[in-house]
Amino acid sequence: MHFKPHNYQHIYFENAKCSDAVGGLQEFKKSIELGFFADVTLKTSGKYNEKLDLVVELDCPLNLLDVLGHFNKGLWGSTEATNFVLAQCFNVLLEQNKELEIDIQEFTLYLKDTNVIIKNIYRHSIPEQFNNIITEIAEHYVSITKGLTVQPEEIFIPVFEDPLTNPFDCHFQEKLPQPTSYNEYWGIYLDTAEEGEIFDVRQKKFISANLDYFLYE
């Protein structure tokens, strides 16, 4: 889509170098597929000697609005009101691999009308904050669609201001990422525009700023 893709390495289970070394990895994949009604591709952003940085990609045959509706009813991404699929599956994976550092560096939803890309901003931030992020998207759906008049093609969560490219921009302050960083600024490409826009989550509006962003990695 619009954001520059990374050259992540696929994890192939038939060539079980990684899946044999990481206990429960295939079960993790299957559980995510079941909980999100999606086909899951697992990749790694680096070598998995002492640490495994997972990239999780979900190909889900639903529209964003359908996903949000099912999520609010507890039918997508959760089995009960307090039982979140991603966090639960990830915790099981950690328990099975106590000698290996594992994290999710990127989580992407490929939906029928929208791609949602969530980046890691601190240790275990994605499984910890995933359901809160989806809740925020649902709460701001009308705003990010500009009153249901446009369709987001890609939502990138979160974005931070790069002080080197916008040193005089008053909308942002450089600071260390924290849980609330997911609910501050998003990068959004709409179907009506070639250039991406910045969405101020707290102010519930798009702001005037170039989509010059950096990722905390």
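That block above? That's the structure.
Residues numbered from 1 in each chain as written. Predicted model: local features only at pLDDT ≥ 70, side-chain atom pairs only at ≥ 80, totals over all residues. Heavy atoms only, no water.

1. Comments concerning the overall build of the protein
Looking only at helices and strands, the protein has six helices and 13 strands in total. Within the protein, buried positions represent 53% of all 217 residues. Put simply, of all contacts in the protein between residues at least 6 apart along the chain, 63% involve residues at least 24 apart. As displayed, the protein has an accessible area near 11500 Å², and 47% of this comes from carbon and sulfur atoms. (Helix = DSSP H or I, 4+ residues; strand = E, 2+ residues; numbered from the N terminus. Buried < 20%, exposed > 50% of the residue type's maximum accessible area, 1.4 Å probe, protein only. Contact = heavy atoms within 4.5 Å. Areas by Shrake-Rupley, 256 points an atom, 1.4 Å probe, with all protein chains shown as cover.)

2. Observations concerning the packing of helix α3 (residues 64-72) against helix α5 (residues 125-139)
Relative orientation of the contacting elements α3 and α5 amounts to 120°, with a least axis distance of 10 Å. Put simply, α3 runs oblique to α5. Viewed along their axes, α3 and α5 form a crossing whose handedness is left-handed. Where α3 abuts α5, its residues Leu64, Leu68, Phe71 and Asn72 lie against Asn131, Ile134, Thr135, Ile137 and Ala138. (Axes fitted to C-alpha atoms, helices over the stretch in contact; angles between N-to-C directions. Parallel < 35°, antiparallel > 145°, perpendicular 65-115°, else oblique. Left-handed = near helix turned anticlockwise from the far one by under 90°.)

3. Digging into unusual backbone geometry
Here Ile157 and Pro158 are connected by a cis peptide whose omega angle stands at -10°. In this structure, Pro158 sits in the loop between β8 (152-157) and β9 (160-161). Phi angles above zero are rare outside glycine, and Leu148 is one such case at about 65°. Relative to the assigned elements, Leu148 resides in the loop between α6 (141-144) and β8. Even without a glycine there, the phi angle at Lys204 is positive, about 55°. Tracing the chain through its elements places Lys204 in the loop between β11 (197-200) and β12 (205-207).

4. A look at the pattern of salt bridges
Taken as a whole, this structure holds eight salt bridges when the rule is applied. Among the ionic pairs, Lys29 bridges to Glu33, the shortest N-O distance being 2.9 Å. Here Lys29 and its partner Glu33 are both found in helix α2 (residues 25-36), four residues apart, which amounts to about one turn of the helix. Lys51 is the partner of Asp53 in a salt bridge, and the nearest nitrogen-oxygen pair spans 3.4 Å. On the basis of relative accessible area, Asp53 is assigned to the buried category, the value being 17%. (Salt bridge = Lys/Arg side-chain N within 4 Å of Asp/Glu carboxyl O.)

5. What about the pairing of strand β7 (residues 115-119)?
The buried fraction of β7 is high, at five of five residues. Of the two faces of β7, the one lined by Asn115, Ile117 and Lys119 and the one lined by Val116 and Ile118 are each fully buried. Direction of pairing for strand β6 (residues 101-110) relative to β7: antiparallel, over a ladder of five bridges. Bridge pairing in β7 places Tyr110 opposite Asn115. Adjacent in sequence and paired antiparallel, β6 and β7 are bridged by four residues. Pairing analysis gives four bridges linking β7 to β8, with the strands arranged parallel. (Pairing = 2+ DSSP bridges.)

Such coordinate-based values are descriptive only and should not be taken to indicate function.
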